[in-house]
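The lines below spell out each chain.
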Amino acid sequence: HRESTWTDSNTVSENILRIIPTEPGFQPSNDAARDLLDRVRQISPDAREVEIVASSDVTFVDAGANFETVSCSVCGVDLDLDWWSEQMSVAWDARFEELDVVTPCCNSACSLNDLDYQWPQGFARWFVTVHDPNRGPLDQSEVDSMRSALGQEIRIIWAHL
């Protein structure tokens, strides 16, 4: 069963859980990928679909309609979305292989991947997508279990499309 709703434009709305490694270029071994998929299926048994998304290029893994703000990971100031958009364009031109920026608020060097996104977002060339997971938030033991299965730190992204 799905928890999707119809919008005024007659398009299907979807909730998506994405599990990405915190290291954008990380690609797991086949065993680690299989272990993570098994764990994800255990914690989301009623999901409509669970899939691996893999690419030769790093991509921005966003929160869809859940995207609210971006703030500096050093000083905490909300960043101007025009500045962020310009930085994303520069990174896009480099196929997201170069994510380093200097923030305008406190002149700190950091990565677009490490900015504080409200809701969490990040960059990856490999991740797991759970379409309509049909469950609530993950608890810490579930996150720890997935991190252990992958053998890499992870970021949980809840997207609404």
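Just so it is clear, the structure is predicted and the values come from calculations on it, not from any experiment.

Brief notes about the overall build of the protein chain
Part 1: Helix and strand content of the protein chain: three helices and eight strands.
Part 2: For the protein chain, the succession of helices and strands along the chain, N to C, is β-α-β-β-α-β-β-β-β-α-β.
Part 3: In terms of overall size, the protein chain behaves like a compact globule, its C-alpha atoms giving a radius of gyration of 16 Å where 161 residues would be expected to give roughly 15 Å.
Part 4: In terms of its C-alpha atoms, the protein chain occupies a principal-axis envelope of roughly 45 × 45 × 30 Å.
Part 5: Counting across all 161 residues of the protein chain, residues that qualify as buried make up 45%.
Part 6: The long-range fraction of contacts in the protein chain, counting pairs at least 24 apart against all pairs at least 6 apart in sequence, stands at 78%.
Part 7: Accessible area of the protein chain: about 8,500 Å², with a carbon and sulfur share of 46%.

A word on the sheet that holds strand β2 (residues 49-61)
Part 1: Overall, antiparallel pairing links the four strands, which are arranged β2-β7-β1-β8 in an open sheet. Because the sheet does not close on itself, it has two edges, and the strands there are β2 and β8 (154-160). Taken over all neighbouring pairs, the strand axes of this sheet differ in orientation by 25° on average, direction set aside.
Part 2: One ladder, built from nine bridges, connects β2 with strand β7 (residues 122-131); its direction is antiparallel.

A short note on unusual backbone geometry
Part 1: Here the residue pair Gln 118 and Trp 119 is connected by a cis peptide bond, since its omega of -10° sits within 30 degrees of zero.
Part 2: Looking at the secondary structure, you find Trp 119 in the loop between β6 (116-118) and β7.
Part 3: In this structure, Arg 95 is a non-glycine residue whose phi angle is positive, near 55°.
Part 4: Turning to its location among the elements, Arg 95 is positioned in the loop between α2 (81-93) and β4 (100-102).
Part 5: Positioned with a positive phi, Asn 107 is a non-glycine residue whose angle comes to about 60°.
Part 6: Here Asn 107 lies in the loop between β4 and β5 (109-111).
Part 7: Given the relative accessible area of 62%, Asn 107 is considered exposed.

A few points about α2
Part 1: The terminal C-alpha atoms of α2 lie 18 Å apart, and with 13 residues this matches the ideal 18 Å at 1.5 Å per residue to within 8%.
Part 2: Check the buried side of α2 and you find it contacts β2, β3 (69-71), β4, β6 and β7.

Some thoughts on the nonpolar core
Across soluble globular proteins, nonpolar side chains show a tendency to be buried alongside one another.
Part 1: Grouped together as the largest cluster of nonpolar side chains are 20 residues, with contacts concentrated most on Ile 19, Val 128, Met 146 and Ile 156.
Part 2: Of all the elements in the fold, those that place two or more residues in this core are β1 (15-21), α1 (30-43), β7, α3 (140-150) and β8.
Part 3: Take this core: its biggest share by element is five residues, from α1.
Part 4: Leaving out residues up to four positions away in the same chain, Met 146 has contacts with Ile 19, Leu 36, Arg 39, Val 40, Ile 43, Leu 138, Ile 154 and Ile 156.
Part 5: Of all hydrophobic cores here, the second largest spans 17 residues; its members include Cys 72, Met 88, Ala 91 and Cys 110.

About the thresholds
Residues numbered from 1 in each chain as written. Predicted model: local features only at pLDDT ≥ 70, side-chain atom pairs only at ≥ 80, totals over all residues. Heavy atoms only, no water. Helix = DSSP H or I, 4+ residues; strand = E, 2+ residues; numbered from the N terminus. Rg over C-alpha atoms; globule rule 2.2 N^0.38 Å. Buried < 20%, exposed > 50% of the residue type's maximum accessible area, 1.4 Å probe, protein only. Contact = heavy atoms within 4.5 Å. Areas by Shrake-Rupley, 256 points an atom, 1.4 Å probe, with all protein chains shown as cover. Pairing = 2+ DSSP bridges. Axes fitted to C-alpha atoms, helices over the stretch in contact; angles between N-to-C directions. Expected span 1.5 Å × (residues − 1). Core = buried A, V, L, I, M, F, W, Y, C linked by side-chain atoms within 4.5 Å.

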